[in-house]
Amino acid sequence: MEIKEIEKLLTSRNIQYEVIQQDKPILSALDAEGYYPVEKSAPTFVLQTENGLIGCMVSLQNGRLDFDKLKQVFGFSKLKMADRKKIKSQTGYDVGAIPLVGLHLPCIFDRKILKHDFVYGGTGNELFTLKIAPSELLKVNEVIGMFD
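Presented here is a report on the structure given in the accompanying data block. Please read all numbers here as calculations on a predicted model, not as lab measurements.

## Some words on the sheet that holds strand β8 (residues 142-147)
Taking strand neighbours across the sheet as the criterion, the five strands line up as β4-β2-β3-β5-β8 in an open arrangement whose pairing is mixed. In the strand order of this sheet, the two ends are held by β4 (79-81) and β8, each with one partner. Direction aside, neighbouring strands of the sheet carry axes that sit 35° apart on average. Note that strand β2 (residues 44-49) and strand β3 (residues 52-57) share six bridges and pair antiparallel. Each bridged residue has a counterpart across the sheet, and for Phe-45 the counterpart in β3 is Cys-56.

## Some points on the nonpolar core
Membership of the largest hydrophobic core comes to 16 residues, with the highest contact counts inside it found for Leu-10, Leu-100, Val-101, Ile-132 and Leu-137. Those elements giving two or more residues to this core turn out to be α1 (3-12), β5 (106-110), β7 (128-132) and α4 (134-140). Not counting chain neighbours up to four residues away, the residues in contact with Leu-100 comprise Ala-42, Thr-44, Met-57, Tyr-120, Gly-121, Gly-122, Leu-130, Ile-132, Leu-137 and Asn-141. Ranked by size, the runner-up nonpolar core spans ten residues in total, among them Leu-47, Val-58, Leu-70 and Phe-76.

## Details of the pattern of salt bridges
Applying the stated criterion across every chain, the model contains seven salt bridges. Measuring nitrogen to oxygen at the nearest pair gives 4.0 Å for the salt bridge that ties Lys-131 to Glu-18. With Lys-131 in strand β7 and Glu-18 in strand β1 (residues 17-21), the pair connects residues that are 113 residues apart, well separated along the chain. The salt bridge partner of Asp-94 is Lys-88, with a shortest N-O separation of 3.6 Å. Among the residues examined, Lys-88 registers a relative accessible area of 39% and is labelled partly exposed.

## With respect to the layout of surface pockets
Computed from the structure, the largest pocket encloses a volume of approximately 720 Å³. Lining the largest pocket are 35 residues, and of these Leu-27, Ser-28, Pro-43, Thr-44 and Phe-45 sit closest to its centre. Listing elements by their share of the lining of the largest pocket, those giving two or more residues are β2, α3 (84-91), β6 (119-122) and β7.

## Focus: the side chain of Thr-129
Its place among the elements puts Thr-129 in strand β7. A polar contact of 2.7 Å, which involves the side chain of Thr-129, links it to the side chain of Gln-22. Those residues in contact with Thr-129, other than ones at most four positions away along the chain, are Glu-18, Val-19, Ile-20, Gln-22, Ile-26, Tyr-36, Tyr-120, Gly-121 and Thr-123.

## With respect to α1
When we look at burial in α1, the residues that qualify are Ile-3, Ile-6, Leu-9 and Leu-10. The buried residues of α1 all sit within an arc of 125° when viewed along its axis, so they share a single face. In α1, the exposed positions that point more than 90 degrees away from the buried face belong to Lys-4, Lys-8 and Ser-12. Packed against the buried residues of α1 are β1, β7 and α4. Taken from the residues just after α1, Asn-14 is the one with a positive phi, measuring 55°.

## Things to note about the sheet that holds β7
Taken together, the three strands give an open sheet; going across it, the order is β1-β7-β6, and neighbouring strands pair in antiparallel fashion. Every other strand in the sheet has two partners, leaving β1 and β6 as the edge strands with one partner each. Between one strand axis and the next, the sheet turns through 30° on average, direction left out of account. Alignment of β6 against β7, held across four bridges, turns out to be antiparallel. Its bridge partner being in β7, Gly-121 is matched across the sheet by Leu-130.

Scoring rules and cut-offs
Residues numbered from 1 in each chain as written. Predicted model: local features only at pLDDT ≥ 70, side-chain atom pairs only at ≥ 80, totals over all residues. Heavy atoms only, no water. Pairing = 2+ DSSP bridges. Helix = DSSP H or I, 4+ residues; strand = E, 2+ residues; numbered from the N terminus. Axes fitted to C-alpha atoms, helices over the stretch in contact; angles between N-to-C directions. Core = buried A, V, L, I, M, F, W, Y, C linked by side-chain atoms within 4.5 Å. Buried < 20%, exposed > 50% of the residue type's maximum accessible area, 1.4 Å probe, protein only. Contact = heavy atoms within 4.5 Å. Salt bridge = Lys/Arg side-chain N within 4 Å of Asp/Glu carboxyl O. 1 Å grid on protein atoms, 1.4 Å probe; cavity = no way out; pocket = protein on both sides within 12 Å on 5 of 7 lines; lining within 4 Å. Points joined across faces, edges and corners; volume = space filled by probe spheres on them. Polar contact = N/O pair within 3.5 Å; in protein donor to acceptor, adjacent residues only side chain to side chain. Arc of directions from axis to C-beta.

Shown next, in the form of structure tokens:
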């Protein structure tokens, strides 16, 4: 999904958002320093389960993902970071540029994201960042569950 398609999706659903353009790629939260408050980063990871790929929207404040805990919470027998090549072939996105919206995968959602007024995350293009209210993410993604 291109930036224009993401904007069209959000606009068609009356979602308030802002797309921020950077002059250098943002591939990790560390790259974001100086562009937006890094503590409000909400990266999207793609995980492999026994049922296929899922998205995982997480607050940067969560630290490392606890795969054992997530398996228990969601009932997965298999859960790990997905392979880069598989992510690219199935979603069209590179790791580091996974979008907050328009991923077209079921997603699990970190409740800590909801503590922020706005969060910042990927658009599918490492030169653009999406600023959006966390509650709006719940409206435009297929969220299959939430975790703490």
